[in-house]
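Observations on the model geometry
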Amino acid sequence: MAEGTCQFEGVLTSIQPRIRLNRSFDESWHSYLGYALTIASSDGSSVSVGISEKLHEKHRLHSGMVVSLSCKAVEDPRLESVEFYRVTGFKVLGQGEAELASPLPPSLAVYRERGPRRLSAKTYEGVCASCIWGCKMAVEITVDQWKPWIRKYRVETFCYGPKSCKHYRPGPNRKVSGRNGMVYVEEDWVDEMLTQNRGDDE
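Residues numbered from 1 in each chain as written. Predicted model: local features only at pLDDT ≥ 70, side-chain atom pairs only at ≥ 80, totals over all residues. Heavy atoms only, no water.

A few words now on the overall build of the protein. Each helix and strand in the protein was counted, giving four helices and ten strands. Along its sequence from the N terminus, the protein presents helices and strands in the succession β-β-β-α-β-β-α-β-α-β-β-β-β-α. Counting every position in the protein, which comprises 202 residues, the buried fraction comes to 43%. In the protein, once contacts between residues fewer than 6 apart in sequence are set aside, the share between residues at least 24 apart is 66%. Of the roughly 11,000 Å² of accessible surface on the protein, a fraction of 51% belongs to carbon and sulfur atoms. (Helix = DSSP H or I, 4+ residues; strand = E, 2+ residues; numbered from the N terminus. Buried < 20%, exposed > 50% of the residue type's maximum accessible area, 1.4 Å probe, protein only. Contact = heavy atoms within 4.5 Å. Areas by Shrake-Rupley, 256 points an atom, 1.4 Å probe, with all protein chains shown as cover.)

Okay, here's the thing in structure tokens:
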């Protein structure tokens, strides 16, 4: 095994989009990087691993599969929502039990078209962490455009699922720090704009 490489084997308990969010006061943009897997091992521990969209397309991954892989720890945890990435030697060892299986996650283009809306962190952790429509994003904030080296980092949670979902809770409006102590509050209309391409049950 190469230096710095870790190997994991276990049950795939979650697969969600792996997306990075960049903010600069009232501006924001997303980078669709691939997918985030959560893998539970037989000893009760779990790890999160980032994979490419190509790898997901090849294996048509869904929760319940038994998988093995090699990977490396992320270089900068502030920029990632997963603990490991750069996967090699990925294998599907079994499809798992039927009751553990979840729907097949769509392509990243579908997530991009549907658009995200903010999701309460508490709701995400309690209900949505294994849903294909949930997403935990690493967020990089450029506080001052004239001093781009001044940055802040955090994690935000989002929902790409049906607007009619009974579990959905938006949580408080997000606030973004700006230059000279200014603060931008992202109002509800931003979510409405980003998700305007789908109806309540889509």
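Moving on, we get to a nonpolar patch on the surface. On the surface, Trp-189, Met-193 and Leu-194 cluster together into a nonpolar patch covering about 300 Å² of accessible area. Note that Trp-189 resides in helix 4 (residues 188–194). (Patch = residues over 30% accessible without salt bridge, like charges linked within 9 Å, V, L, I, M, F, W, Y side chains within 5 Å. Salt bridge = Lys/Arg side-chain N within 4 Å of Asp/Glu carboxyl O.)

Right, let's get into the state of the cysteines. As enumerated under the stated definition, the model contains zero disulfides in all. The thiol of Cys-165 is unpaired, and the distance to the nearest cysteine sulfur, on Cys-159, comes to 6.2 Å. (Disulfide = S-S within 2.5 Å.)

Generally speaking, a soluble globular protein has its nonpolar side chains buried in company with each other. Formed by 34 residues in total, the largest nonpolar core has its most connected members in Leu-37, Ile-39, Val-49, Leu-61, Tyr-111 and Tyr-160. Taken together, the elements giving at least two residues each to this core come down to strand 1 (5–24), strand 2 (27–40), strand 3 (46–51), strand 4 (66–73), strand 5 (84–94), helix 2 (108–114) and strand 7 (134–142). Residue contributions to this core peak at five residues, all from strand 1. If sequence neighbours within four positions are ignored, Leu-61 has contacts with Leu-12, Ile-15, Leu-37, Ile-51, His-56, Phe-90, Val-92, Leu-104 and Pro-105. Residues Leu-119, Cys-128, Cys-159 and Tyr-168 belong to the second largest nonpolar core, which totals five residues. (Core = buried A, V, L, I, M, F, W, Y, C linked by side-chain atoms within 4.5 Å.)

Before going further, it helps to examine the environment of Ser-130. As for its position among the elements, Ser-130 is in the loop between helix 3 (121–128) and strand 7. Considering only alpha carbons, one finds Ser-130 and Gly-171, 41 residues apart in sequence, at a separation of 19 Å. With near-sequence residues (within four places) excluded, Ser-130 lies in contact with Thr-13, Ser-14 and Gln-16.

The next point concerns the pairing of strand 4. When strand 1 meets strand 4, the two strands line up antiparallel, connected through seven bridges. The residue bridging Cys-6 from the neighbouring strand is Cys-71, located in strand 4. Sheet topology places strand 4 next to strand 5; six bridges connect them, and they run antiparallel. Its bridge partner being in strand 5, Lys-72 is matched across the sheet by Tyr-85. (Pairing = 2+ DSSP bridges.)

Attention now moves to the pairing of strand 2. Pairing between strand 1 and strand 2: 13 bridges, direction antiparallel. Bridging from a neighbouring strand, Ile-19 pairs with Tyr-32 of strand 2. Two successive antiparallel strands, strand 1 and strand 2, enclose a turn made up of two residues, where Phe-25 displays a positive phi of approximately 55°. Bridging between strand 2 and strand 3 involves six bridges; their strand directions are antiparallel. Each residue of the ladder has a partner; that of Tyr-35, found in strand 3, is Ile-51. The hairpin turn running from strand 2 into strand 3, its antiparallel successor, is five residues long, and Gly-44 in that turn takes a positive phi close to 95°.

Residue position: Gln-16 is located in strand 1. For Gln-16, a relative accessible area of 4% translates into the label buried. Reaching out from Gln-16, the side chain makes a polar contact with the side chain of Tyr-124 at a distance of 2.7 Å. Only 3.5 Å separates the side chain of Gln-16 from the backbone oxygen of Gly-134, close enough to count as a polar contact. Once you skip the residues sitting within four places of it in the chain, Gln-16 turns out to touch Gly-34, Tyr-35, Ala-36, Tyr-124, Cys-128, Ala-129, Ser-130, Cys-131, Gly-134, Cys-135 and Lys-136. (Polar contact = N/O pair within 3.5 Å; in protein donor to acceptor, adjacent residues only side chain to side chain.)

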